[in-house]
Amino acid sequence: MAALPDFSYFLPTEVRFGAGCFNELGACCRALGRKPFLVTGKRSARAIGALDRAVAQVPNAVVYDRAEENPTTGQCDAAARVCRESRCDVVLAIGGGSPMDVAKAVAGLALNDGACAAFIGADLFTEGALPIIAVPTTAGTGSEVTPYSVLVDTAEQQKRTIKGRALFPRVALLDPELTASLPADVTAYTGFDALSQAMEGLVSRKRTAVGDILALEACRLVRQWLPRAVSVPGDLEARGGMLLAAMLSGCVIAQSGTTLVHGMGYYYTLRYGLQHGLANGLLLAPVFRHNAVHLPETVASMASALGHTGPAGEAGSAITRALHALFEACGVSRAARDAGVDEHLLADFARDCYSDPYRFKNQVGELTEDDVLRFYRESWRGV
Ligand code: NAD
């Protein structure tokens, strides 16, 4: 057997999982601070009653309920001003990846002087961050266990990442009851995000032996539970399975980062507003056929975890068939053209993406701009 690769695996977040565990928010919060800053989105947390239930548990919280989808650095600057002026000492995030990312940036900005955009990069919050409690209401990003805040840089209009150990939430409350209200399409798209993170983690240049185990289990959970969560919204077992998958995928990327799928998907999101998970999902098959050339056994193991049972053969076609079957089971078209993407812009996306070395830093194989364009074209056609 080949020697295990060297790795370091760090995960400081306490994860509490279970239907009803949202009721532990107040006690968790009081253990970490006296005055909470509560970040959430504009609609869903209020609509599902989570905001009222949170405020009942932490009545002195200062509520910031304006987090937008794909939040910007400018929005985080504005939220951080409110947090500092209110002298809050613990940050609560309730919502999908977007509110969680705002909350994490605010937690850092509360203790570090400077504009949010200046902290894009690794470990620039030298004064640490306020403690964070994260309560996901989508099952996809795993942000509740990652050290990242992913934001649109307001000046550059590109998605960028603030990374730092201080941004790992101290506590993550995973309550399947909070995700039961997700509509079918958002359930599917966020599920594709979890899948994408797990798959990318398995082929990242920074993959770890621990992450590999978690990632394969996340793939298996997605295959087992995502179609059911999409078709039977109130099924708490399926919702729990997907929350677990998403959290595991977060544990994976917390160590290994993401790869080219994410780097390419951002263009679909920024130009067309495609939801993050859908944007990634549409690119998985093309990029993983390439990955299969370099890591055939790993990609074949993913295809098996995703339920591919056909004859043992080429890993690229096995993963393609497994992904196509999952999209079909979730009732989502796998062609980017059906999501409104224009074919004539693909060359621009490929050129811009290819010119940014950051998008390739964890990606296996040498790629050309033509390869990237081919991946976009295959994604557009859904092959
Ligand atoms: P999101 O947070 O943008 O939410 C998507 C939609 O779902 C919103 O309209 C929201 O109102 C709605 N919603 C949320 N919870 C709901 C519920 N329970 N019921 C009904 N509707 C609900 O989407 P997301 O996919 O969770 O997050 C995507 C963002 O997360 C992207 O900006 C992405 O870049 C980022 N991200 C961050 C990390 C990280 O580690 N920091 C990892 C992956 C992705």
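Cut-offs applied
- Residues numbered from 1 in each chain as written.
- Predicted model: local features only at pLDDT ≥ 70, side-chain atom pairs only at ≥ 80, totals over all residues.
- Heavy atoms only, no water.
- Helix = DSSP H or I, 4+ residues; strand = E, 2+ residues; numbered from the N terminus.
- Buried < 20%, exposed > 50% of the residue type's maximum accessible area, 1.4 Å probe, protein only.
- Contact = heavy atoms within 4.5 Å.
- Areas by Shrake-Rupley, 256 points an atom, 1.4 Å probe, with all protein chains shown as cover.
- Lys, Arg positive; Asp, Glu negative; His and termini not counted.
- Charge placed at Lys NZ, Arg CZ, Asp CG, Glu CD.
- Domains from an automatic or database assignment.
- Buried area = accessible area lost by both parts, 1.4 Å probe.
- Salt bridge = Lys/Arg side-chain N within 4 Å of Asp/Glu carboxyl O.
- Patch = residues over 30% accessible without salt bridge, like charges linked within 9 Å, V, L, I, M, F, W, Y side chains within 5 Å.
- Disulfide = S-S within 2.5 Å.
- Core = buried A, V, L, I, M, F, W, Y, C linked by side-chain atoms within 4.5 Å.
- Pairing = 2+ DSSP bridges.
- Axes fitted to C-alpha atoms, helices over the stretch in contact; angles between N-to-C directions.

1. Some thoughts on the overall build of the protein chain
Inference 1: When you go through the protein chain residue by residue, the secondary structure sums to 14 helices and nine strands.
Inference 2: Principal axes of the C-alpha set define a box for the protein chain whose edges measure 60 × 45 × 40 Å.
Inference 3: For the protein chain, with 383 residues in total, the buried portion stands at 61%.
Inference 4: Relative to all contacts within the protein chain whose residues are 6 or more apart in sequence, the contacts with residues 24 or more apart total 78%.
Inference 5: Only carbon and sulfur atoms are counted for the fraction: they give 52% of the accessible area of the protein chain, which is about 15,000 Å².
Inference 6: Placing the 36 positive and 40 negative side-chain charges of the protein chain at their respective mean positions leaves the two points 2 Å apart.

2. Description of the domain arrangement of the protein chain
Inference 1: Along its sequence, the protein chain is carved into domain 1 (14–178) and domain 2 (182–381).
Inference 2: Measuring from the centre of the C-alpha atoms in domain 1 to the corresponding centre in domain 2 gives 25 Å.
Inference 3: Every contact between the two is made by 29 residues of domain 1 and, on the other side, 31 residues of domain 2.
Inference 4: For the domain 1 and domain 2 pair, buried surface summed over both sides reaches about 2,200 Å², with 62% attributable to carbon and sulfur atoms.
Inference 5: Of all residues in domain 1, the largest losses of buried area upon contact with domain 2 belong to A139, K159 and P176, amounting jointly to 24% of the total for that side.
Inference 6: Taken together, the connections running from domain 1 to domain 2 amount to one salt bridge.
Inference 7: D356 is paired through a salt bridge with R160; the nearest N and O atoms lie 3.1 Å apart.

3. Overview of the pattern of salt bridges
Inference 1: One pass over the structure, following the stated rule, counts 15 salt bridges.
Inference 2: Close ionic contact of R289 with E378 constitutes a salt bridge, the shortest N to O distance being 3.1 Å. Here E378 lies in helix 14 (residues 369–381) and R289 lies in helix 10 (residues 276–294), a separation of 89 residues in the sequence.
Inference 3: Taking relative accessible area as the criterion, E378 reaches 14% and is therefore assigned buried.
Inference 4: Several salt bridges share partner residues, and in doing so they unite E156, R160, D356 and R359 into one network.

4. Some words on a positive patch on the surface
Inference 1: A cluster of basic residues, K163, R165, K206 and K361, forms a positive patch on the protein surface.
Inference 2: Checked against the element boundaries, R165 lands in the loop between strand 8 (158–163) and strand 9 (171–174).

5. Examining the state of the cysteines
Inference 1: For the structure on display, the rule yields zero disulfides.
Inference 2: Of all cysteine sulfurs in the structure, the one in C28 sits closest to C21, which takes part in no disulfide; the separation is 8.5 Å.

6. So, the nonpolar core
A general feature of soluble globular proteins is that nonpolar side chains tend to end up buried together.
Inference 1: One finds L195, M199, M264, Y268, F288, I319 and Y376 to be the most contacted residues of the largest nonpolar core, which totals 77 residues.
Inference 2: Residue contributions to this core peak at 10 residues, all from helix 7 (residues 209–231).
Inference 3: If we ignore the near neighbours within four places in the chain, the residues touching F288 are M199, E200, V203, V261, V299, M302 and I319.

7. Some details on the sheet that holds strand 6 (residues 132–136)
Inference 1: Taken in spatial order, the six strands line up as 1-9-6-4-2-3 in an open sheet, and their pairing is parallel. Edge strands, defined here as strands with exactly one partner in the open sheet, are strand 1 (14–17) and strand 3 (62–67). Strand-to-strand twist of the sheet, defined as the mean angle between neighbouring strand axes without regard to direction, takes the value 15 degrees.
Inference 2: Sheet analysis places strand 1 next to strand 9, joined by four bridges and oriented parallel. Pairing of V15 across the sheet is with A172, part of strand 9.

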